Amino acid sequence: CEMLLLAQISNQAVGDGVANLVLIEMILASQRWNVMQWLCVYEALPSSHRVVRVADKAVVKTRDYDQVVEAPVSLSAAIQRGVEDAGAVSQARSFVRPSGTEDVVRVYAEAATQAQADELALHVARAVFDFCEGTGERP
């Protein structure tokens with residue numbers, strides 16, 4: 001019950017660092033695990049991040065903790081194509097999140113290799129620029 005309440009305040013895609021730390025501590029305590037036991041079951045994939053300036057960040061609509069793009073639909077399709085091209089779908093993912101304070105869209109990508117993560121982030125950043133009225137130089 002307590003973990004369900006905390007999960008409601010923690011953004012699972014990008015997260016609030018303090019809330020996520022407390023959430024992790026609660027999960028570890030409930031499982032009677034220490035940090036070393038947890039680290040043995042977690043393997044981080046290489047990741048890449050980009051920021052794309054846009055005319056209006058409000059054109060990007062997401063759901064499921066920013067993991068799914070609802071609008072523009074063309075951006076959602078481009079992200080899915082990029083993930084599929086990056087390799088096994090189970091080892092690649094990407095999502096975008098409009099900034100809360102400025103007209104930028106943040107791009108996150110991870111894949112089996114750093115090169116694949118960088119390539120996926122670039123693909124998604126270009127899609128954001130193209131489908132969301134990017135400003136400045138195209139990535």
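Since this is a predicted model, take the numbers as computed values, not measurements.

**Student:** Before we move on, can you summarise the overall build of the protein chain with the specific residues and values?
**Tutor:** In terms of helices and strands, the protein chain carries five helices and five strands. Helices and strands in the protein chain line up, N terminus first, as α-α-α-β-β-β-α-β-β-α. Sorting the 139 residues of the protein chain into buried and exposed places 30% on the buried side. By element, 54% of the accessible surface of the protein chain is carried by carbon and sulfur atoms, the whole surface being about 8,600 Å².

**Student:** Break down the pairing of strand E3 (residues 68-71) for me, citing the residues and quoting the values.
**Tutor:** As paired elements, strand E2 (residues 61-63) and E3 share three bridges and run antiparallel to each other. Residue Arg-63 lies in a different strand from E3, and its bridge partner there is Val-68. Linking two consecutive strands that pair antiparallel, namely E2 and E3, is a turn of four residues; a positive phi of about 55 degrees is found at Asp-64 within it.

**Student:** Kindly report on the sheet that holds strand E1 (residues 47-53), identifying the contributing residues and their values.
**Tutor:** Note: strands within a sheet are paired through backbone hydrogen bonds, in either parallel or antiparallel orientation. Spatial ordering of the open sheet is given by E1-E5-E4, a layout of three strands whose pairing is antiparallel. Strands with a single pairing partner mark the edges of an open sheet, and in this sheet they are E1 and strand E4 (93-98). Averaged over neighbouring strand pairs, the angle between their axes works out to 15 degrees when direction is ignored. Relative to strand E5 (residues 104-110), E4 runs antiparallel, the two being bridged by six bridges. Bridging from a neighbouring strand, Arg-97 pairs with Arg-106 of E5.

**Student:** Quick one: what's the story with the nonpolar core, residue by residue and with numbers?
**Tutor:** Looking at soluble globular proteins, one finds that nonpolar side chains tend to be buried together. Core analysis: the largest hydrophobic core is formed by 24 residues, its most contacted members being Leu-75, Val-96, Val-107 and Val-128. By residue number, the principal contributor to this core is helix H5 (residues 114-131), which donates eight residues. Contact partners of Val-96, with chain neighbours within four places excluded, come to Val-60, Thr-62, Asp-66, Val-69, Leu-75, Ile-79, Val-105, Arg-106, Val-107, Val-124 and Val-128.

**Student:** Account for the environment of Asp-118, with residues named and values stated.
**Tutor:** Position of Asp-118 relative to the elements: it lies in helix H5. You can call Asp-118 partly exposed: its relative accessible area is 35%. Each C-alpha atom of the pair Asp-118 and Ser-48 lies 5.4 Å from the other, and the pair is 70 residues apart in sequence.

**Student:** Tell me what's going on with the environment of Phe-95, and back it up with residues and numbers.
**Tutor:** When you line up the elements, Phe-95 lands in strand E4. Here Phe-95 falls in the buried class, since its relative accessible area comes to 5%. Between the C-alpha atoms of Phe-95 and Val-107, which are twelve residues apart in sequence, the distance is 6.1 Å.

**Student:** Could you give an account of the pattern of salt bridges, with specific residues and numbers?
**Tutor:** Taken as a whole and assessed by the stated rule, the structure comprises six salt bridges. Residue Asp-64 pairs with Arg-63 through a salt bridge whose shortest N-O separation is 2.7 Å. Between Asp-130 and Arg-138 there is a salt bridge, with its nearest N and O atoms 2.9 Å apart. Among the charged side chains, a network of salt bridges with common partners joins Arg-53, Glu-102 and Arg-106.

How each quantity is defined
- Residues numbered from 1 in each chain as written.
- Predicted model: local features only at pLDDT ≥ 70, side-chain atom pairs only at ≥ 80, totals over all residues.
- Heavy atoms only, no water.
- Helix = DSSP H or I, 4+ residues; strand = E, 2+ residues; numbered from the N terminus.
- Buried < 20%, exposed > 50% of the residue type's maximum accessible area, 1.4 Å probe, protein only.
- Areas by Shrake-Rupley, 256 points an atom, 1.4 Å probe, with all protein chains shown as cover.
- Pairing = 2+ DSSP bridges.
- Axes fitted to C-alpha atoms, helices over the stretch in contact; angles between N-to-C directions.
- Core = buried A, V, L, I, M, F, W, Y, C linked by side-chain atoms within 4.5 Å.
- Contact = heavy atoms within 4.5 Å.
- Salt bridge = Lys/Arg side-chain N within 4 Å of Asp/Glu carboxyl O.

In short, geometric facts, not functional conclusions.
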